Amino acid sequence: VEASIPEPQREAWKRSQTSAFKSSDEFEKEVVRHVETSLARSMFNCDEKAAYSATSLAFRDHLILDWNKTQQRQTYRDSKRVYYLSLEFLMGRALDNAMLNVGLKDTAKAGLADLGFRIEDIIGQEHDAALGNGGLGRLAACFLDSLASLDFPAWGYGLRYRYGIFKQEIIDGYQVEVPDYWLDFNPWEFPRHDVTVDVQFFGSVKKVPNEQGKSVAVWEGGEIVVAVAYDVPIPGYDTPTTNNLRLWSSKASGGEFDFQKFNSGDYESSVAEQQRAETISNVLYPNDNLERGKELRLKQQYFWVAASLYDIVRRFKKSKRAWREFPEQVAIQLNDTHPTLAIVELQRILIDIEGLDWDLAWEIVTGTFGYTNHTVLPEALEKWPVGLVQHLLPRHLQIIYDINLFFLQSVEKQFPDDRDILTRVSIIEESQPKMVRMAHLAIVGSHKVNGVAELHSDLIKTTIFKDFVEIYGPDRFTNVTNGITPRRWLHQANPRLSELIASKLGSHEFLKDLSQLNKLELLVQDKEFKKEWAEIKFANKVRLAKYIKETTGVNVNPSALFDVQVKRIHEYKRQQLNIFGVIHRYLTLKAMTPAERKKQLPRVSIFGGKAAPGYWMAKQIIHLINAVGSVVNNDEDIGDLLKVIFLEDYNVSKAEIICPASDISEHISTAGTEASGTSNMKFVLNGGLIIGTCDGANIEITREVGENNIFLFGNLAEDVEDLRHAHTYGSHTIDPDLAKVFEEIQKGTFGSVHDFSAMIAAVKDHGDYYLVSDDFHSYIETHTLVDEAYRNQEEWVVKSITAVARMGFFSSDRCIYEYADGIWNVEPLPRRD
Ligand code: HBZ
């Protein structure tokens, strides 16, 4: 309040108000101004990088003016806000998105051309913001886009990693990790050096009497690390609403380093403290669906959660409302269990600092939080050793024990004759060492728990969280099937398709209401439309073929069937099944006469994805794919009939080139393991069909697009347990076609027999946990069906159009409405007062 300008001077401010550029002339002026002032360059040394920087700064100015107005309006209205807590935001590039959402891409294109640049080259200069691993992080980014586009008052909170997910290089067929230092120039963030939070670690707890003689806990000692806010504006599509993503960066308290120590000659320890503090936000952990229990990871979690909650509570307190109104003003969504300490931290703030009673505080806490689960894989469920929590966060451990005590007391009352249930649901696992089960804490501390696709939400209710359904009843559990933003994944990635659709539907409204795509079904027999549809797919394949040539040196025929599997490399996602299938195809082709071969349909098998650096088996899978590629791609008998490509360093901006160029994409996880999947949605929305198992969102995609427009294969989730049991206790025979593939590998056809033996042993000798052999036959047969279907291009295009027309459900806008309605109880704000 003290910082605001007094009434009499406000006229002068209003007269001087800045306004954003609208025409290409104004845009050019802004670009030149930024080149000459912000970048201190001139027309004599303005390369594409500088032009990118200046263009971004011009758009940033645009966004931040909208951002200011949005924040003022949201503060003035003081309605309920959503806070999305996620350790990952996989944002990709910002410039193209900003241009499209603001609606000034054509203006910028003309302006840049006038100044001597091609807009695509300028867009291509940007380094991806890659603060995430895979689906979970990208989902957070799609949600931010939808929240802003739908005018919800919403903030994201995350960590400002200095290094995002590593850059992947393929050297001699092996993955090599290179650090992703992306911050040397990032025009999309605003450092807020005045917005800081002191975060405490370690120390001890003592009980002291307060004024009323009641004993209260005081957490003291230990060390302080400072969180500094960096704000990233999130523009909505076709709305002035611009929300905020606040990322925290860590720095040492007491300035850069301890001068006293420095002056007394203890240089090393003064710098060490600074470095220890900065380490917290230094690097993103590169594991997806695996938890390794590292102390630094827990530090990251608490650091981010404590800073975010302090900020949220500070904002709430400005409204001077009563504490019990907190859940009516604040909804906090936990993106997986990574931010679960927020539950404990809010309880701590309310009881230790604000002096509320436990019960009222706990009612506020559970009314505030919602928890989204993204996996049933046991190795991905977070657990922390009690000793580690005790050491790092002594007061939080006490509160966790109290939460658990009250929870178990109520369970005991409910099920007086069942001792086992207490052991099963306890937040503390009585193992050696004892562990804090974060998922249990998240369920107990939230009013809603959701899975991310129907099958997955059913599975969590019947398996890992079954007891909690008994305890709380089914209403605490719900489903919100994932979605993707059509702005980035159709309009931005596939501009020609978006324009074609807009020309037929009469406007771009479908980008705001994706269900309108259904009107395309009326056109499936329109010859001209089908022709254009097919031409666009072909042009996208030509673009990808060019990219493949540039990056791998391999020529691929854009008329071949493009078969794509891009996602993190993981045994449960079964890239090994795909590459075994490719080898089978290769052997089949080799066994043919040249005349027979001539009749075969050419195919390009395209792979991409990163393996977690410590995931040895995933790295072997990458190696095998590359090894197969170097044999097959150079086999003169085969020529164009089969090419095997591994695209290095798959990321968001590459996905934007790859998704529009697939004929078929692979979503082939062992049934019951992939919670949802979201790239399946991206491919279908771009007119590609999919081959998949009955897993995750594939099931709902099938329901929407119809069984004729998708290729399903493999065992069902309900049969997996029995099959695994049979592998271990019965006789386990390997599919004969797969056995031939193994023999070929073991002959050394693809080199490194030793390297690949573990992949084969996993299937043959170690119980084939992921059912590769069980599903192999059905997989191969289904690929034959794909080939047959593709031969009939007429029909294929009809399938492609029909599928796109029926994809409306998978917009992340629909997800956000479901969260807003069923979990957050928030409403959008009107765009203007
Ligand atoms: O979340 C993914 C699921 O595997 C996928 O099925 C789903 O569509 C998507 C969005 O709901 N999960 C992840 O991407 N998980 C992680 O990346 C991850 C990262 C760090 C962890 C654990 C998991 O510690």
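Here the structure is shown first, and the text comes after it.
Residues numbered from 1 in each chain as written. Predicted model: local features only at pLDDT ≥ 70, side-chain atom pairs only at ≥ 80, totals over all residues. Heavy atoms only, no water.

**Looking at the site of the ligand**
Here comes step 1: The immediate surroundings of the ligand are formed by 21 residues, with Glu 291, His 374, Asn 482, Glu 674 and Gly 677 found nearest.
Here comes step 2: A distance of 3.4 Å separates an oxygen atom of the ligand from a polar atom in the side chain of His 338.
Here comes step 3: One of the backbone N or O atoms of Gly 677 is found 2.8 Å from an oxygen atom in the ligand.
Here comes step 4: About the coverage of the ligand: the protein hides 96% of its 530 Å² of free accessible area.
Here comes step 5: The cavity that encloses the ligand is the largest cavity.
Here comes step 6: Here the shell around the ligand gets three residues from one element, more than from any other, and that element is helix H7 (residues 135–149).
Here comes step 7: Across the shell around the ligand, the residue classes tally to six nonpolar, ten polar and five charged.
Here comes step 8: Viewed by domain, the shell around the ligand spans two of them, domain 2 (78–93 + 128–481) and domain 3 (486–810), each represented by three or more residues. (Near = heavy atom within 4 Å. Polar contact = N/O pair within 3.5 Å; in protein donor to acceptor, adjacent residues only side chain to side chain. Areas by Shrake-Rupley, 256 points an atom, 1.4 Å probe, with all protein chains shown as cover. 1 Å grid on protein atoms, 1.4 Å probe; cavity = no way out; pocket = protein on both sides within 12 Å on 5 of 7 lines; lining within 4 Å. Sits in = over half its atoms within 2 Å of the grid points. Helix = DSSP H or I, 4+ residues; strand = E, 2+ residues; numbered from the N terminus. Nonpolar A, V, L, I, M, F, W, Y, C, P; charged D, E, K, R; others polar. Domains from an automatic or database assignment.)

**Some remarks on the packing of aromatic side chains**
One pair of aromatic rings is described through two measures. These are the centre distance and the angle between the planes.
Here comes step 1: All chains considered together, the criterion is met by 30 aromatic pairs.
Here comes step 2: Taking the centre distance of 6.1 Å and the plane angle of 65° together, the rings of Phe 152 and Tyr 817 count as edge-to-face. In this pair, Phe 152 sits in the loop between H7 and strand S4 (154–159) while Tyr 817 sits in helix H34 (residues 812–824), placing the two residues 665 residues apart along the sequence.
Here comes step 3: You can call Phe 152 buried: its relative accessible area is 1%.
Here comes step 4: The exposure class of Tyr 817 is partly exposed, given its relative accessible area of 43%.
Here comes step 5: Each ring, one from Phe 407 and one from Phe 468, has its centre 6.0 Å from the other, and the planes form 5°; the classification is stacked. (Phe/Tyr/Trp six-rings, centres within 6.5 Å; stacked < 30°, edge-to-face > 60°. Buried < 20%, exposed > 50% of the residue type's maximum accessible area, 1.4 Å probe, protein only.)

**Comments concerning the sheet that holds strand S10 (residues 223–235)**
Here comes step 1: The nine strands lie next to each other as S7-S10-S11-S4-S1-S12-S13-S17-S18, forming an open sheet whose pairing is mixed. Edge positions in the sheet fall to strand S7 (190–201) and strand S18 (477–479), since each has one partner strand and no second. Ignoring strand direction, the axes of neighbouring strands in this sheet form an average angle of 25°.
Here comes step 2: As judged from the nine bridges shared by S7 and S10, these two strands associate in the antiparallel manner. By the bridge assignment for S10, Arg 192 is matched with Ala 229.
Here comes step 3: With respect to the sheet, helix H10 (residues 295–318) is in contact with strand S1 (81–85), S4, S7, S10, strand S11 (242–252) and strand S12 (330–335), its orientation differing from that of S7 by roughly 115°. (Pairing = 2+ DSSP bridges. Axes fitted to C-alpha atoms, helices over the stretch in contact; angles between N-to-C directions. Contact = heavy atoms within 4.5 Å.)

**Re helix H13 (residues 358–368)**
What sets the pattern is the α-helix's 3.6 residues per turn: residues three or four places apart point alike.
Here comes step 1: Considered for burial, the residues of H13 that qualify are Trp 358, Ala 361, Trp 362, Ile 364, Val 365, Thr 366 and Thr 368.
Here comes step 2: Along its buried surface, H13 packs onto helix H11 (326–329), S12, helix H12 (341–353), strand S13 (369–372), helix H15 (394–414) and helix H17 (438–444).

**Describing unusual backbone geometry**
Here comes step 1: Note that the residue after Gln 432, namely Pro 433, is joined by a cis bond; omega there is 0°.
Here comes step 2: Counting through the fold element by element, Pro 433 comes out in the loop between strand S15 (428–429) and strand S16 (435–437).
Here comes step 3: Although it is not a glycine, Asp 172 adopts a positive phi angle of roughly 55°.
Here comes step 4: With respect to the helices and strands, Asp 172 occurs in the loop between strand S5 (167–171) and strand S6 (174–178).
Here comes step 5: Of the residues examined, Asp 172 reaches a relative accessible area of 70% and is grouped as exposed.
Here comes step 6: Even without a glycine there, the phi angle at Asn 825 is positive, about 55°.
Here comes step 7: In this fold, Asn 825 is placed in the segment after H34.

**What about the nonpolar core?**
Here comes step 1: Phe 201, Trp 248, Leu 520, Trp 533, Phe 580 and Trp 824 are the most contacted members of the largest nonpolar core, which totals 231 residues.
Here comes step 2: Top contributing element to this core by residue count: H10, with eleven residues.
Here comes step 3: Both domains that meet at this core, namely domain 2 (78–93 + 128–481) and domain 3 (486–810), each give it at least three residues.
Here comes step 4: If we ignore the near neighbours within four places in the chain, the residues touching Trp 824 are Lys 80, Val 82, Leu 147, Ala 331, Gln 333, Ile 816 and Tyr 819.
Here comes step 5: Residues Phe 27, Val 31, Ala 58 and Met 99 belong to the second largest nonpolar core, which totals 24 residues. (Core = buried A, V, L, I, M, F, W, Y, C linked by side-chain atoms within 4.5 Å.)

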